[in-house]
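Spelled out from the first residue to the last, the chains are:
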2 protein chains.
Amino acid sequence: METWVDVPEGSGFGVENLPYGVFSRRGGPPRVGVAIGDRVLDLAGLAEAGLLTDRGWFAAGTLNSFMSAGRPVWQATRERLTALLTGPEHRGRVEPHLVPLSDADLRLPFDVADYVDFYSSRDHATNVGRIFRPNAEPLPPNWLHLPIGYHGRAGTVVPSGTPVVRPCGQRRSEDGPVFGPSLKLDIEAEVGFVVGVPSALGQPVPTAGFRDHVFGFVLVNDWSARDIQAWEYQPLGPFLGKSFATSISPWVVPLAALESARTAPPPQDPEPLPYLRCDEPWGLDLTLRIELNGHVVSHPPFATMYWTAPQQLAHATVNGAALRTGDLMASGTVSGPERDQRGCLIELTRDGREPLELPDGRRRAYLEDGDTVRIQATASGPGGAPIGFGEVTGTVLPASR
Amino acid sequence: METWVDVPEGSGFGVENLPYGVFSRRGGPPRVGVAIGDRVLDLAGLAEAGLLTDRGWFAAGTLNSFMSAGRPVWQATRERLTALLTGPEHRGRVEPHLVPLSDADLRLPFDVADYVDFYSSRDHATNVGRIFRPNAEPLPPNWLHLPIGYHGRAGTVVPSGTPVVRPCGQRRSEDGPVFGPSLKLDIEAEVGFVVGVPSALGQPVPTAGFRDHVFGFVLVNDWSARDIQAWEYQPLGPFLGKSFATSISPWVVPLAALESARTAPPPQDPEPLPYLRCDEPWGLDLTLRIELNGHVVSHPPFATMYWTAPQQLAHATVNGAALRTGDLMASGTVSGPERDQRGCLIELTRDGREPLELPDGRRRAYLEDGDTVRIQATASGPGGAPIGFGEVTGTVLPASR
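Rules and cut-offs
- Residues numbered from 1 in each chain as written.
- Chains lettered and ligands numbered in written order.
- Predicted model: local features only at pLDDT ≥ 70, side-chain atom pairs only at ≥ 80, totals over all residues.
- Heavy atoms only, no water.
- Helix = DSSP H or I, 4+ residues; strand = E, 2+ residues; numbered from the N terminus.
- Buried < 20%, exposed > 50% of the residue type's maximum accessible area, 1.4 Å probe, protein only.
- Contact = heavy atoms within 4.5 Å.
- Phe/Tyr/Trp six-rings, centres within 6.5 Å; stacked < 30°, edge-to-face > 60°.
- Lys NZ or Arg CZ within 6 Å of the ring centre and 35° of its normal.
- Buried area = accessible area lost by both parts, 1.4 Å probe.
- Salt bridge = Lys/Arg side-chain N within 4 Å of Asp/Glu carboxyl O.
- Polar contact = N/O pair within 3.5 Å; in protein donor to acceptor, adjacent residues only side chain to side chain.
- Pairing = 2+ DSSP bridges.
- Axes fitted to C-alpha atoms, helices over the stretch in contact; angles between N-to-C directions.
- Domains from an automatic or database assignment.
- Least-squares fit on C-alpha atoms with pLDDT ≥ 70 in both.
- UniProt positions renumbered as here; feature names shortened; annotations may be inferred.
- Disulfide = S-S within 2.5 Å.

The number of helices and strands found in chain A is 9 helices and 26 strands. Seen along its three principal axes, the alpha-carbon backbone of chain A occupies a region of about 70 × 50 × 35 Å. Per-residue burial over chain A gives 63% buried out of 401 residues. At a minimum sequence separation of 6, the contacts of chain A that also span at least 24 residues come to 72%.

Moving on: the packing of aromatic side chains. All names here are of chain A. Under the defined criterion, the tally for this structure stands at 34 aromatic pairs over all chains. Seen from their ring centres, Phe66 and Phe215 are 5.7 Å apart, and the 80 degrees between their planes marks the pair as edge-to-face. Placement of the pair is Phe66 in helix α2 (residues 64-68) and Phe215 in strand β14 (residues 214-221), with a sequence separation of 149 residues. Classification of Phe66 by relative accessible area gives buried; the value is 0%. What makes Phe215 buried here is its relative accessible area of 2%. On the basis of an interplanar angle of 50 degrees and a centroid distance of 6.5 Å, the ring pair of Phe210 and Phe217 is categorised as tilted. Like Phe217, Phe210 is buried. Of the aromatic side chains, those joined through ring pairs into one cluster are Tyr20, Trp57, Phe58, Phe66, Trp74 and Phe215. Positioned above the aromatic ring of Trp282 is the side chain of Arg262, whose terminal nitrogen or guanidinium carbon lies 5.2 Å from the ring centre.

This paragraph deals with the interface of chain A and chain B. It is common to give the size of an interface as the accessible area lost on bringing the parts into contact. Facing the 57 residues of chain A at the interface are 56 residues of chain B. Taken over both partners, the interface formed by chain A and chain B buries close to 5,000 Å², and the fraction arising from carbon and sulfur atoms is 63%. Summed over the three residues of chain A that lose the most area to chain B, namely Arg153, Leu236 and Phe239 of chain A, the buried surface amounts to 16% of that side. Where chain A touches chain B, the interface holds 2 salt bridges. Arg153 of chain A is the salt-bridge partner of Asp327 of chain B, the closest N and O atoms lying 2.8 Å from each other. For the interface between chain A and chain B, the tally reads 26 residue pairs in polar contact (both at pLDDT 80 or more). Broken down by secondary-structure element, the contributors of at least two residues to the side of chain A that touches chain B are β6 (115-118), β7 (149-152), β10 (168-171), β11 (178-181), α7 (226-232) and α8 (309-317) of chain A. Looking at which element gives the most residues to the side of chain A that touches chain B, the answer is β7 of chain A, with 4 residues.

Glancing now at the sheet that holds strand β3 (residues 39-42) of chain B. Residue and element names in this part refer to chain B. What the 5 strands build is an open sheet, ordered β4-β3-β2-β1-β5; its pairing is antiparallel. Pairing within the sheet leaves two strands with one partner each, and these edge strands are β4 (98-100) and β5 (104-106). Recorded for the sheet is a direction-independent mean angle of 50 degrees between the axes of neighbouring strands. Sitting on the sheet, helix α3 (residues 71-86) is in contact with β1 (20-25), β2 (31-36) and β3, with an inclination near 60 degrees to β1.

The next subject is the domain arrangement of chain A. Residues and elements named next belong to chain A. Assigned domains within chain A: domain 1 (20-106) and domain 2 (115-397). Summarising the inter-unit geometry, the C-alpha centres of domain 1 and domain 2 are found 29 Å apart. At the interface, 17 residues of domain 1 touch 17 residues of domain 2. Here domain 1 meets domain 2 over a buried area of about 1,400 Å², counting both sides, of which 73% is carbon and sulfur. It is Tyr20, Met67 and Trp74 in domain 1 that bury the most area against domain 2; as a group they hold 40% of the surface buried on that side.

The two copies are related by a screw operation: chain A maps onto chain B through 180 degrees of rotation and 0.0 Å of translation along the axis, at an RMSD of 0.0 Å. The relationship between the two copies is best expressed as a two-fold rotation axis. Relative to the rotation axis, the C-alpha of Gly237 of chain A is the closest in chain A, positioned 2.0 Å from it.

A few words now on the pairing of strand β26 (residues 386-397) of chain A. Residues and elements named next belong to chain A. Of the strand pairs in this sheet, strand β9 (residues 164-165) and β26 are connected by 2 bridges, and their pairing is parallel. Paired with Val165 across the two strands is Leu397, which belongs to β26. Of the pairings in the sheet, the one linking strand β25 (residues 372-380) to β26 comprises 8 bridges and is antiparallel in character. Bridging from a neighbouring strand, Gln376 pairs with Glu391 of β26. Counting the residues between successive antiparallel strands, the hairpin from β25 to β26 contains 5 residues, one of them, Gly383, with a positive phi of roughly 65 degrees.

Under the UniProt annotation, the feature "domain: Fumarylacetoacetase N-terminal" (unreviewed entry) is placed at residues 16-109 of chain A. The distance from the first to the last C-alpha atom of residues 16-109 of chain A is 20 Å, and the span holds 33% helix and 23% strand.

The next subject is the UniProt feature "domain: Fumarylacetoacetase-like C-terminal" (unreviewed entry) in chain A. As annotated by UniProt and renumbered to match this structure, "domain: Fumarylacetoacetase-like C-terminal" (unreviewed entry) occupies residues 116-396 of chain A. Segment residues 116-396 of chain A splits into 12% helix and 31% strand. End C-alpha atoms: 24 Å apart.

Attention now moves to the state of the cysteines. In the structure shown here, the tally under the stated rule is 0 disulfides over all chains. Cysteine Cys168 of chain A remains unbridged, with the sulfur of Cys278 of chain B as its closest cysteine sulfur at 20 Å. Under the relative-accessibility criterion, Cys168 of chain A is labelled buried at 9%.

With mixed pairing, the 5 strands of this open sheet are ordered in space as β9-β26-β25-β20-β21 (chain B). Where the open sheet ends on each side, the last strands, each with one partner, are β9 (164-165) and β21 (295-298) of chain B.

Here's what the structure looks like:
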């Protein structure tokens, strides 16, 4: 498949990808776009020119309306965009709707309904369990039986590039709890999926319903304050240690772009209960890359995740909980078995005891004010073409006083 | 203060209350109303007739727009409604906008942004701690230092009257986890507050900011599946044991109606950290009443709550988490020290070991299919006038197969 758009070598935004986002240009109104090479294709513009069917989906500030339209619409739109971008005869009419990425102000791509965060990497759960509960088995007794998850704060999901103010809160000290800026500000490199088509209250969505409800995947950085979290999280789970900010990438990679990346997940033993079984392999051959102040510090491999996205979706709804358009479900920290495959600093530095030595000579136990974190990811596409997720970045600002 | 509306003796909807809700009449469009006696005053109708200022707040399907308008608007609207309902000269023009409650279809009063559930009753936390963690101190070490809370599922908050399908899920057995309908379906009688005015990311809201951000209070029934919860909740907190349904009352009682109910909360020892201190007393003299199939089984006293609503709000934002219009923060189960003051069945029946003996001769350890739960609450108003919260009800339907 060849596109007439000039796609730079190694770009993750080839015509096999076509991720969706929301952008505005020079203070103009927001609209839905698709990334191609170093451009954004303005779908609202295409629709206005009569080149694309639009039922109010594209001249919009979020993807929610388009995402709710359902799989046949997603498929038809993707087929049409592919035809427009590969057929040389369309070039003259389509090219005016390509906007340089450098001119596009990228927004939060969708309004987040509920945000659920899972805990689905066995390596991560084992490593963190050892740190948080040194006197217990690292993996909780339920871990191999269900994809553990909890609800996070949807209202503080922010787009890539939003600065993150260091949170204040309570932490443990020898003299009882003290209040102040977190001393253990961390990241969590994750991959999340977003729900397009809602479900009815009382009606579980089986693993086989994944493709009918889920629109695509994003990158997630679930910023975490480990000292606040360690003091607060028992017995009802993380709250303020997580709720100050969760950053997501501006691009939503559609399921159709990830078909070639699907792979068998790790074997599950014990065999999960029937509602968690899945006929299709939904591991994803997707490698993350974490940069701290421009230095690569980790390459977490998403294919090692124990619980898959369809299992997470089936679990989250098996009690009859309804889905809404915009529900975001994140994987939990992606960590592989090797040290340079861990997805958060608490693991990379063993809770600060073994600080990272950066090539610029600086050391990091946890994040310092001014630090910038960038997470990227690439999946394997058809014929080895890279499917890029763009990036999710953020810079730490000092605590407010 | 006397109203010309015929308010039945003992009604909690006197002119001192004026709670807000959303209703429709005979399939008509939804609109904002205020309860008075056994009528609903149609605010959109009043506005259309030129009797009430409206900037798009009242011909609406939710209270969110009005709630976001802020305290000066809430005050001016309340003053105007009070004048219209107490001045005999207004009766002729206002009376056509009174709809019998029996003709009004009551809706979810607001779109829920994020839903946070606290755990602020010391009696409840102690009782439940003994049941869930029999070999540990019942009160966790952090409990007296901060109002423990977690995020629940906003998308499954439903209006009073919505049937609740018994959830399925995993529970512990001697032979490992098994799947099936919950055998321990419970309620939690709670009181929640709803945020009107949002706050900026990175800017904590102090306890003194409570009145500027919070619009009012509702009744909450946080349905809970104790067997699902017990198996899943460690280490990241409750998830499917709670996320299938949370019911709220159709009426939001504004803060202004609760001034006379304010009372000193229980003494706090140790003294909380400075950000949790509050100059005003925000205990509320408010008594709940739980009925199971028409039989009163408990009278939980809200004034016994250890952590107050302004403390909960200040805690939830001290890390810089932003507030949105429609954020719902619930108290956690309201339980007093006496057995007939407990706010959930796990406490009332000691996890089913001491079933309730109902006057109709039936016994209940947990809820059975077909059971109906009704929670009501009344606060003391000016001169002893009752301030009613209406009710939150729900009937249990069998698990879906």
